[in-house]
Amino acid sequence: MTTTEDTRTDEVTLVQHRIGGAVTSENPERAGDVYDPATGRVTKQVAFASPDTVDRAVAAAAGAYPAWRDMPLARRARTMFAFRELLQQHKEELARLITAEHGKVLSDAMGEVERGGEVVDFACGLPHLLKGEFSENVSTGVDTYSIRQPLGVVAGITPFNFPAMVPMWMFPIAIACGNAFILKPSEKAPSAPNMLVELFERAGLPAGVMNVVHGDKVAVDSLLLHKDVAAVSSVGSTPVARYIYEAASGAGKRVQALGGAKNHMVVMPDADMDATADAVVGSAYGSAGERCMAISAVVAVGPAGDALIDAVKPRIKALHVDAGTADGAEMGPLVTGAHRDKVVSFVDAGVSEGAELVLDGRDAAAGSDGFFLGPCLFDHVEPSMSIYQEEIFGPVLSVVRVETFDEAVELVNSNPYGNGTAIFTSSGAAARAFQREIQVGMVGINVPIPVPMAFYSFGGWKNSLFGDAHVHGMDGVRFYTRSKVVTSRWPAPPAGSQLGFPTN
Ligand code: NAD
């Protein structure tokens, strides 16, 4: 497979934009460093798009859009199927690119590509998904039908933590629906997104239907305000999501902006403690806690607290922290040194605020230049502490103890985030009350990370999502299309004009 990089120097390659079916070859005014988190070394640089570069990408998309929109559904679907096949064939290559820039272990990166690919599977059904409605004879000789039409050029802005999956939450559906797409991926992990477009084009996607511009706020702002961009999907931290929502909707665009999270797992005393402990460890420390659906707060009800701490401690101590490609590695490094230091500062704050640090992972980096931090476990965390209040986005789990189920629900519901949550219990009544009362968008019942399958929609409530539409599933189809209702009469109308309001 060819790469989408130009060599900038002998040692460091430059990841370029991909516009109109070709890798750009400009010498950018600004570029960012891309690290291998396992070694701490800069391995690549990534070009940062200027407003002019974004303009070129939008022009390429706008130029490709009419022919793509007009391509018959069956041919569009065949392109999606061909992309799906190439994705399967190149799964491991993509996963290796992700591990090299994000740091997550290879099996996790493979899982990410798989889950993103499920959205492509869903988008392969576009002829069915785009079917409208038809009502015959709504009035004498009159039929009404609804159709869904694409929006035009749409943009996606994505975070570092799922360099392939989160873009695939967006572009397969947007493009299947007939739009042209511009992706602005995270500057921390830019290579997998380039490879995705390259594969899509090899599958037959016409040049310009999908473009990638790399960069930072300059590129994002140019997209948010561009007159030819009709809609913006974004996933990132809450302050950035709020900003994108306000700026793009202020510019008259359709927007869905997914934000950060603080996901709680409520553990009832009647839960199967071994199964719960396995679930806690996987969901708190998988991908080093850099998942928007990671569990970062366990709410232990009554005697569940002591039992859970006893059960999780040995499991956490046994976790194998290592480079993502190392044999048997279960948890890799954090994405950058700056992020690792920020997470460590939260651990320091938790100690000084009086939480009990049961397991301390701060020494895991000793002797390595990689951005490692071992798993940290806090018990007796109070809701007023910063480790509870803030989204840490690292391998730091807080256990908050409450006396009753009602207190647990109250705690979750008073949190400003509402992305995911879970309850572990053997009581159907408790589970049912939880799913009815909890103010969170995605709920797991004895399932720790309840990420919906591609044919449902993904999205949180409150500060975890700005806008009305969740991503993928039917919300995705609705977001990337607008509905038109046509009322038609073919029989010859009665002679003469009628000035009265038509009735049936
Ligand atoms: P981030 O907010 O720093 O960046 C997200 C994107 O926005 C990137 O493409 C980045 O270049 C761009 N960006 C950053 N600062 C910007 C600014 N000031 N103006 C305009 N654009 C800007 O997020 P991140 O660190 O890459 O990813 C981690 C965050 O994403 C976490 O908060 C996590 O919870 C969240 N996330 C949420 C979901 C979800 O589904 N809700 C999924 C994955 C990640």
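Coordinates for the structure precede this section.
Notes on the structure follow. In this convention, every chain numbers its residues from 1, walking through the sequence in written order. pLDDT decides what is reported in this predicted model: residues at 70 or higher carry local features, side-chain atom pairs at 80 or more are listed and counted, and totals for whole chains, interfaces and linings draw on all residues regardless. Side-chain descriptors were evaluated using all non-hydrogen atoms of the structure, hydrogens and water having been removed beforehand.

**Describing the packing of helix H10 (residues 273-285) against helix H11 (residues 304-317)**
Thought 1: Contact pair H10 / H11: the axes reach a minimum separation of 9 Å and the direction vectors enclose 60°. One finds that H10 runs oblique with respect to H11. Crossing hand, H10 versus H11: right-handed. In this structure, H10 uses Met273, Asp274, Thr276, Ala277, Asp278, Val280, Val281 and Tyr285 to contact H11, whose residues at the interface are Ala304, Ala307, Leu308, Ala311, Val312, Arg315 and Ile316.
Thought 2: For this classification, Asp, Glu, Lys and Arg are treated as charged, while Ala, Val, Leu, Ile, Met, Phe, Trp, Tyr, Cys and Pro are nonpolar and the rest, including Gly, are polar. For the contact of H10 with H11, a count of residues per class yields eleven nonpolar, one polar and three charged. An axis is simply a line fitted to the C-alpha atoms; with a helix, the fit covers only the stretch in contact. Between two such axes, the angle follows the N-to-C directions and lies from 0 to 180 degrees. Secondary structure is summarised from DSSP: a helix means a run of H or I of at least four residues, a strand means a run of E of at least two, and numbering begins at the N terminus for each. Roughly parallel refers to an angle under 35 degrees, roughly antiparallel to one over 145, roughly perpendicular to one between 65 and 115, and oblique to any angle outside these ranges. With the far helix as reference, a near helix turned anticlockwise by less than a right angle produces a left-handed crossing, and one turned clockwise produces a right-handed crossing. Residues are treated as being in contact if the distance between any of their heavy atoms lies within 4.5 Å.

**Regarding the nonpolar core**
Thought 1: Nonpolar cores were defined as sets of buried Ala, Val, Leu, Ile, Met, Phe, Trp, Tyr and Cys residues, with membership established by side-chain atoms within 4.5 Å. Exposed residues in this analysis have more than 50% of their type's maximum accessible area, buried residues have under 20%, and partly exposed residues fall in between, with area computed by a 1.4 Å probe over protein chains only. Counting 64 residues, the largest nonpolar core has Phe83, Trp169, Phe171, Ile175, Phe181, Met210 and Tyr480 as the members making the most contacts within it.
Thought 2: If you tally residues by element for this core, the top one is helix H6 (residues 165-176), at ten residues.
Thought 3: Excluding its chain neighbours within four sequence positions, the residues that come into contact with Phe83 are Val120, Phe171, Leu196, Leu199, Phe200 and Ala203.
Thought 4: Counting 60 residues, the second-largest nonpolar core is a separate cluster that includes Ala279, Tyr285, Phe346 and Phe405.

**As for the packing of aromatic side chains**
Thought 1: Geometry of aromatic contacts follows a simple scheme: Phe, Tyr and Trp rings, the Trp one being its six-membered ring, pair when their centres are within 6.5 Å, and the pair is stacked under 30 degrees between planes, edge-to-face over 60, tilted otherwise. Under the criterion given, the structure shown has eleven aromatic pairs.
Thought 2: Seen from their ring centres, Phe83 and Phe171 are 6.1 Å apart, and the 45° between their planes marks the pair as tilted. Here Phe83 is found in helix H2 (residues 73-89), whereas its partner Phe171 is found in helix H6, with 88 residues between them in sequence.
Thought 3: Residue class for Phe83 comes out buried when judged on its relative accessible area of 0%.
Thought 4: Ring geometry for Phe83 versus Phe200: centroids 4.2 Å apart, planes at 15°, classification stacked.

**Digging into the pairing of strand S18 (residues 396-402)**
Thought 1: With six of seven residues buried, S18 lies mostly within the body of the structure.
Thought 2: Note: two strands are recorded as paired if DSSP finds a minimum of 2 bridges between them. Relative to S18, strand S15 (residues 295-301) runs parallel, the two sharing five bridges. Following the sheet pairing, Val299 is matched in S18 by Val400.
Thought 3: Taken together, the three bridges between strand S17 (residues 376-379) and S18 define a ladder with parallel strand orientation. Of the residues in S18, the one forming a bridge with Phe378 is Ser398.

**Here's the deal with the environment of Phe346**
Thought 1: Tracing the sequence through the fold places Phe346 in helix H12 (residues 337-352).
Thought 2: Overall, Phe346 belongs to the buried group, its relative accessible area being 13%.
Thought 3: Considered as a pair, Phe346 and Gly394 are 48 residues apart in the sequence and their alpha carbons are 9.6 Å apart.
Thought 4: With sequence-adjacent residues up to four places away left out, Phe346 is seen in contact with Ser386, Ile387, Glu390 and Ile392.

**Comments concerning the sheet that holds strand S8 (residues 142-150)**
Thought 1: One open sheet accounts for three strands, arranged S7-S8-S24; its pairing is antiparallel. Pairing within the sheet leaves two strands with one partner each, and these edge strands are strand S7 (133-139) and strand S24 (481-489). Averaged over all pairs of adjacent strands, the angle between strand axes in this sheet comes to 25°, irrespective of strand direction.
Thought 2: The pairing of S7 with S8 spans four bridges and is classified as antiparallel. Within S8, the position partnered with Ser135 by the bridge is Thr144.

**Observations regarding the site of the ligand**
Thought 1: Contacts to the ligand come from 27 residues, most closely from Lys184, Glu187, Ser237, Gly259 and Glu391.
Thought 2: Thr158 has a polar backbone atom sitting 2.8 Å from an oxygen atom of the ligand.
Thought 3: Contacts to the ligand include Glu187, whose side-chain N or O atom sits 2.7 Å from an oxygen atom.
Thought 4: Within the residue set of the shell around the ligand, elements represented by two or more residues are helix H8 (217-225) and helix H9 (238-250).
Thought 5: When its residues are assigned to classes, the shell around the ligand shows 14 nonpolar, nine polar and four charged. Here a residue counts as near a molecule or strand whenever at least one of its heavy atoms sits within 4 Å of it. Under the rule applied, a polar contact is a pair of N or O atoms within 3.5 Å (in protein, one hydrogen donor and one hydrogen acceptor; residues adjacent in sequence only if both atoms are side-chain atoms).

**Describing a nonpolar patch on the surface**
Thought 1: A cluster of nonpolar residues, Met453, Phe455 and Tyr456, forms a patch on the protein surface that exposes about 350 Å² of accessible area.
Thought 2: Residue position: Tyr456 is located in the loop between strand S21 (442-445) and strand S22 (461-462).
Thought 3: Given a relative accessible area of 56%, Tyr456 falls into the exposed group. Each patch is assembled from residues with relative accessible area greater than 30% and no salt bridge, linking like charges that lie within 9 Å and nonpolar side chains (Val, Leu, Ile, Met, Phe, Trp, Tyr) that lie within 5 Å. In these tables, accessible area is a Shrake-Rupley quantity obtained with a 1.4 Å probe, and a residue counts as shielded only by the protein chains included in the view. A side-chain nitrogen of Lys or Arg and a carboxyl oxygen of Asp or Glu constitute a salt bridge if their distance falls within 4 Å.

**Some thoughts on unusual backbone geometry**
Comment: phi is negative for the bulk of residues other than glycine, and the bulk of peptide bonds are trans.
Thought 1: A positive phi is found at Phe393, a non-glycine position, where the angle reads about 60°.
Thought 2: In this structure, Phe393 sits in the loop between helix H13 (386-389) and S18.
Thought 3: At Lys462, a position not held by glycine, the phi torsion is positive, near 50°.
Thought 4: Note on placement: Lys462 falls in strand S22.

**A few points about the pattern of salt bridges**
Thought 1: This structure, assessed with the given rule, holds 23 salt bridges.
Thought 2: In this structure, the salt-bridge partner of Lys44 is Glu101, at a minimum N-O distance of 2.9 Å. Note that Lys44 is positioned in strand S6 (residues 41-48) and Glu101 in helix H3 (residues 91-102), a separation of 57 residues in sequence. Each member of the pair, Lys44 together with Glu101, is buried.
Thought 3: For Asp121, the salt bridge identified is with Arg84, shortest N-O distance 2.5 Å. With a gap of 37 residues between them, Asp121 in helix H4 (residues 106-123) and Arg84 in helix H2 connect regions that are remote in the sequence.

**Describing the packing of helix H14 (residues 405-413) against helix H15 (residues 428-437)**
Thought 1: Axis separation between H14 and H15 bottoms out at 11 Å; the angle between their running directions is 25°. On the basis of their axis angle, the class for H14 and H15 is roughly parallel. Regarding H14 and H15, the two cross each other, and that crossing is right-handed. Judged by residue contacts, Phe405, Val409 and Asn413 of H14 engage Ala430, Ala433, Phe434 and Glu437 from H15.
Thought 2: Along the lines of polarity and charge, the residues of the contact of H14 with H15 split into five nonpolar, one polar and one charged.

Everything listed is a geometric property; what it means functionally is a separate question.
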